[in-house]
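Observations on chain architecture
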Amino acid sequence: MAVQEVIIATNPHRPTDFNEKAITKVLEESYVIADVKEDGVRLNLCVHPDNGARVEFSVDWLSREGKRFPAFRNREPLDFDERWPEFFETDEALFPGGFMLDAELRIDDLPCKDIAGTLRRHAEIDLSRLKVIVFGIVPLNVVRSGEDYNVAHSVMKYHVEYQVNLLKERFPEIAWSVVESLDCFSMAEVDTFYTAVRERKLEGLVLKDPNGIWKRSKQNGMWKMTPDDAEDGKVVGLVWGTPGLANEGKVIGFEVLLESGHVVNACKISKAQMDEFTLTVAKAMFASCGADMNPYKGHTVKVTFMERYPDGSLRHPSFDSFRGISSPTIKE
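These remarks concern the structure in this document. (Residues numbered from 1 in each chain as written. Predicted model: local features only at pLDDT ≥ 70, side-chain atom pairs only at ≥ 80, totals over all residues. Heavy atoms only, no water.)

**Quick notes on empty space enclosed by the protein**
Applicable threshold: Here a cavity means grid points, on a 1 Å grid over the protein atoms only, where a 1.4 Å probe fits yet cannot get out; a pocket means an open set of points with protein on both sides within 12 Å along at least five of seven lines; lining residues are those with an atom within 4 Å of a point. Grid points are joined across faces, edges and corners, and a volume is the space filled by probe spheres set on the points.
Considering all chains together, one arrives at 1 cavity of 30 Å³ or more under this definition. Here the largest cavity defines a volume of roughly 40 Å³. Lining the largest cavity are Asp102, Phe135, Gly136, His153, Met156, Lys208, Trp214 and Met222.

**What to know about the environment of Val239**
As a reminder of what qualifies: Helix and strand assignments come from DSSP, with helices taken as H or I runs of at least 4 residues and strands as E runs of at least 2, each series counted from the N terminus. Exposure classes here rest on a 1.4 Å probe applied to the protein chains alone. A residue is buried below 20% of its type maximum, exposed above 50%, and partly exposed in between. We call two residues in contact whenever any of their non-hydrogen atoms come within 4.5 Å of each other.
Along the chain, Val239 turns up in strand 13 (residues 230–240). With a relative accessible area of 11%, Val239 lands in the buried category. Along the chain, Val239 and Lys297 lie 58 residues apart, while their C-alpha atoms are 12 Å from each other. Discounting chain neighbours no more than four positions away, the residues touching Val239 are Lys250, Val251, Ile252, Gly253, Phe254, Glu255, Asn265 and Cys267.

**Section: the environment of Val47**
In this fold, Val47 is placed in strand 3 (residues 41–51). The spatial distance from the C-alpha of Val47 to the C-alpha of Ser58 is 5.9 Å, given a sequence separation of 11 residues. Not counting chain neighbours up to four residues away, the residues in contact with Val47 comprise Ser58, Val59, Trp84, Phe88, Gly98, Phe99 and Leu140.

**Focus: the sheet that holds strand 10 (residues 204–208)**
Stated precisely, the cut-off is as follows: Any two strands between which DSSP finds at least two bridges are classified as paired. For every element, the axis is a line fit to its C-alpha atoms; helices are fit only across the contacting stretch, and the angle between N-to-C directions ranges from 0 to 180 degrees.
Spatially, the 5 strands line up as an open sheet ordered 1-12-10-2-9, and their pairing is mixed. Edge positions in the open sheet fall to strand 1 (14–17) and strand 9 (181–184), since each of these has one partner strand only. Neighbour-to-neighbour, the strand axes of the sheet open up by a mean angle of 40°, direction not taken into account. Of the strands in this sheet, strand 2 (32–37), strand 9, strand 10 and strand 12 (218–225) touch helix 6 (residues 187–199), which is tilted by about 145° from strand 10.

**Some words on the packing of aromatic side chains**
Where two aromatic rings form a pair, the distance of their centres and the angle of their planes describe that pair. Where we set the bar: The pairing test for Phe, Tyr and Trp rings, Trp by its six-membered ring, is centres within 6.5 Å, and the orientation test on the planes gives stacked under 30 degrees, edge-to-face over 60, and tilted for anything in between.
For the structure on display, the rule yields 20 aromatic pairs. Ring geometry for Phe87 versus Phe88: centroids 5.3 Å apart, planes at 65°, classification edge-to-face. Site record: aromatic cluster; members linked through ring pairs are Phe57, Trp84, Phe87, Phe88, Phe99 and Phe171.

**Quick look at the pairing of strand 6 (residues 130–139)**
One face of the sheet, then the other: side chains in a regular strand alternate in exactly this way. The element strand 6 is extensively covered by neighbouring structure, given that 9 of its 10 residues are classed as buried. Bridge analysis of strand 5 (residues 99–107) against strand 6 gives 9 bridges, and the strand direction is antiparallel. Paired with Leu101 across the bridge in strand 6 is Ile137. Strand direction decides the pairing type here: strand 6 and strand 8 (residues 175–178), joined by 4 bridges, are parallel. Of the residues in strand 8, the one forming a bridge with Val134 is Val178.

**Some thoughts on the side chain of Arg106**
Inspection of the secondary structure assignment puts Arg106 in strand 5. Every residue in contact with Arg106, bar those within four places of it in the chain, is listed here: Glu38, Asp39, Gly40, Ile115, Arg129, Leu130, Lys131 and Ile133.

It is worth stressing that arrangement in space is one thing and function is another; only the former is reported here.
Set out below in structure tokens:
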């Protein structure tokens, strides 16, 4: 997969790991905003004017790394759409100079790993399949500046609701929505909401300090509350089938360096994946005249597991999916 160029270095605010002490401190002072964490792909949708002979509004559908999704390379949805001038020229426009929606992108009701796979391909996606769940909005000049956005999360949620309503009205072919959210005033309320969300088979919550602001990269002020049954990492080696057994000579999984620092053998892949990965490795070795090549080295992956032991190691780690979209080595 060719490495995609960075269109805009959006570098959006990412939640840190759950920290009950920090969250309790926020609750003692006010409350927390609990957003439902959607099982989608992070989307930074940038809408901005191109000042030429006439004003046209271009649209970039970007990953959190600021790169285009391969599926949108030839046709960005709503790019140079003739409805944008009317959208911006009325008094209704919040940010006349352009804006970025911070959102989750869903395609139909596919799980995240299938959404990522669809976006990696170059096949065109019908707009009716797109679901954009918005939880943030930032003026485009702030995005380009690389600075934090000094608007409290408690205020931004109303900006999001206002803008999403306008998008629904003007561009109804795409399913726009505001992230499901609840204001919680105690850890008991947080726990109750989290339990209800998990019972609906959803991923979890993102908790926000209402007085915090939209920042850059992974910083406090936002915390993810999800089950401790998955972790991301990078491929550092291949796992081969045992000699003399059915899968001898096949790649049956990957050695993965987890973000926690542990190295695990992530296996339990399908027969089709074994064949695919083994063929890819064989082609790479043939091209390098038999050298011990690993074309998957450095690929970002998601590993699932049964439980985490006290020393941080995992019970029954399994390969789940690749995390790269615009580039295999970048988690998006």
